[in-house]
Amino acid sequence: MKCLTNNPAARRFYRRFLGTFVLYALILPLTTLVFVHYHPTGPLAYPLAVLPAIPMLGLLAIFGLYLAEEKDEFQRTVGVQSMLCGIGGTLTVTSVWGFLEDYVHIRHLDPIFTITIFWVFLGLSIPVLLARYK
Amino acid sequence: MKNRLRVLRAEREWSQADLAQRLEVSRQSVNAIETGKFDPSLPLAFKLARLFETTIEAIFSEETDSEFSGRTVANDKLA
């Protein structure tokens, strides 16, 4: 993701983001492994299945924390606007995809990918937003 | 909103990075304010006024560029 700035709040954000992403990269194959080899069922299967979603949602909380900690109001504005771009982009892609699925039967979009779409739009919007302010 | 940050900065021979350091913001922020694409909050406007030892009105205005950029801090103090 394009660097917003290099102040302490942004550095903390990158550190937390990377740490949580590494955690996700560890939890995801581990969960898959458990389901493939041990086929958990019943009440235990539900929290286990949700486990990889925790760091994914954590990334959103980390971005929120960055916005709360960022003292530079311009950077905070760009951060908020990029989040809006992420939300807008995600809603657009998923809505359009949904209609395409319904009417022309394209491949089903797994809801797991919505958060990835959000981060892609958020990340891509930052350099565009920064360029607008130059 | 028009502003005289570039002029005030030039009078002190400060770069955008120098001003950003004094304001504890990023250079991108100073550039965005200077080009009039981002309006600072009231606390940041006060911080700028204190830094340049002038008033907020002497830095920011809704006047046109030509009317505004010719003014100096010295003239504002006399007025």
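Residues numbered from 1 in each chain as written. Chains lettered and ligands numbered in written order. Predicted model: local features only at pLDDT ≥ 70, side-chain atom pairs only at ≥ 80, totals over all residues. Heavy atoms only, no water.

### Structural notes on the packing of helix H4 (residues 73–104) of chain A against helix H5 (residues 113–132) of chain A
For any two helices packed against each other, one specifies the crossing angle of their axes together with the interaxial distance. All names here are of chain A. Between H4 and H5, the least distance of the axes is 7 Å, while the angle of their chain directions is 135°. Considering the angle they form, H4 stands oblique to H5. Read as a crossing pair, H4 and H5 show a hand that is right-handed. Facing H4, whose interface residues are Phe74, Val78, Gln81, Ser82, Met83, Cys85, Gly86, Ile87, Gly89, Thr90, Val93 and Thr94, H5 presents Thr114, Ile117, Phe118, Phe121, Leu122, Ser125, Ile126, Leu129 and Leu130. Here the contact of H4 with H5 is composed, by residue class, of 13 nonpolar, eight polar and no charged. (Axes fitted to C-alpha atoms, helices over the stretch in contact; angles between N-to-C directions. Helix = DSSP H or I, 4+ residues; strand = E, 2+ residues; numbered from the N terminus. Parallel < 35°, antiparallel > 145°, perpendicular 65-115°, else oblique. Left-handed = near helix turned anticlockwise from the far one by under 90°. Contact = heavy atoms within 4.5 Å. Nonpolar A, V, L, I, M, F, W, Y, C, P; charged D, E, K, R; others polar.)

### Regarding a nonpolar patch on the surface
Residue and element names in this part refer to chain A. A surface patch of nonpolar side chains, about 600 Å² in accessible area, is lined by Val96, Phe99, Leu100, Tyr103, Val104 and Ile106. For isoleucine 106, the position within the fold is in the loop between H4 and H5. A residue is classified by how much of its surface remains accessible, and isoleucine 106, at 31% relative accessible area, is partly exposed. (Patch = residues over 30% accessible without salt bridge, like charges linked within 9 Å, V, L, I, M, F, W, Y side chains within 5 Å. Areas by Shrake-Rupley, 256 points an atom, 1.4 Å probe, with all protein chains shown as cover. Salt bridge = Lys/Arg side-chain N within 4 Å of Asp/Glu carboxyl O. Buried < 20%, exposed > 50% of the residue type's maximum accessible area, 1.4 Å probe, protein only.)

### Observations regarding the pattern of salt bridges
This model, assessed by the stated rule, comprises six salt bridges over all chains. Residue glutamate 34 of chain B pairs with arginine 9 of chain B through a salt bridge whose shortest N-O separation is 2.6 Å. One end of the pair, glutamate 34 of chain B, is in helix H3 (residues 27–34); the other, arginine 9 of chain B, is in helix H1 (residues 5–11), and 25 residues separate them in sequence. Summarising the burial analysis for this pair, glutamate 34 of chain B and arginine 9 of chain B share the class buried. Between arginine 12 of chain B and glutamate 11 of chain B there is a salt bridge, with its nearest N and O atoms 3.7 Å apart. Under the relative-accessibility criterion, arginine 12 of chain B is labelled partly exposed at 26%. Look at glutamate 11 of chain B and you get partly exposed, because its relative accessible area is 41%. In this structure, a network of salt bridges that share partners links the residues Arg12, Arg16 and Glu69 of chain A.

### Considerations on the nonpolar core
Counting residues in each nonpolar core, the largest one holds 39 residues, and the members touching the most others are Leu19, Leu48, Phe52 and Ile59 of chain B. Examining the composition of this core, we find that seven residues originate from one element, H5 of chain A, more than from any other. Residue contributions to this core reach at least three from each of two domains, namely domain 1 (1–71) and domain 2 (72–134) of chain A. Non-local contacts of leucine 48 of chain B, meaning those with residues more than four positions away in its chain, are made with Leu5, Leu19, Leu23, Ile59 and Phe60 of chain B. (Core = buried A, V, L, I, M, F, W, Y, C linked by side-chain atoms within 4.5 Å. Domains from an automatic or database assignment.)

### Quick notes on the domain arrangement of chain A
Residue and element names in this part refer to chain A. If you check the domain split of chain A, you get domain 1 (1–71) and domain 2 (72–134). The C-alpha-based centres of domain 1 and domain 2 are spaced at 19 Å. Taken together, the contact pairs 16 residues of domain 1 with 18 residues of domain 2. Between domain 1 and domain 2, the buried area comes to about 1,400 Å², and carbon and sulfur atoms account for 78% of it. At the surface where domain 1 touches domain 2, the tally comes to zero salt bridges. At the junction of domain 1 with domain 2, the criterion picks out three residue pairs in polar contact (both at pLDDT 80 or more). In terms of residue class, the side of domain 1 that touches domain 2 is built from 11 nonpolar, two polar and three charged. (Buried area = accessible area lost by both parts, 1.4 Å probe. Polar contact = N/O pair within 3.5 Å; in protein donor to acceptor, adjacent residues only side chain to side chain.)

### Points about the interface of chain B and chain A
On the side of chain A, 11 residues touch chain B, which itself brings 13 residues to the contact. Summing the contributions of chain B and of chain A, the shared interface buries around 910 Å²; its carbon and sulfur component is 50%. Considering only the side of chain B, the residues that lose the most area to chain A are Gln28, Lys37 and Phe38 of chain B, jointly responsible for 54% of the buried surface there. The interface formed by chain B and chain A includes zero salt bridges. Counting residues per element, the side of chain B that touches chain A draws most heavily on H3 of chain B, which supplies four residues. Split into classes, the residues belonging to the side of chain B that touches chain A amount to five nonpolar, six polar and two charged.

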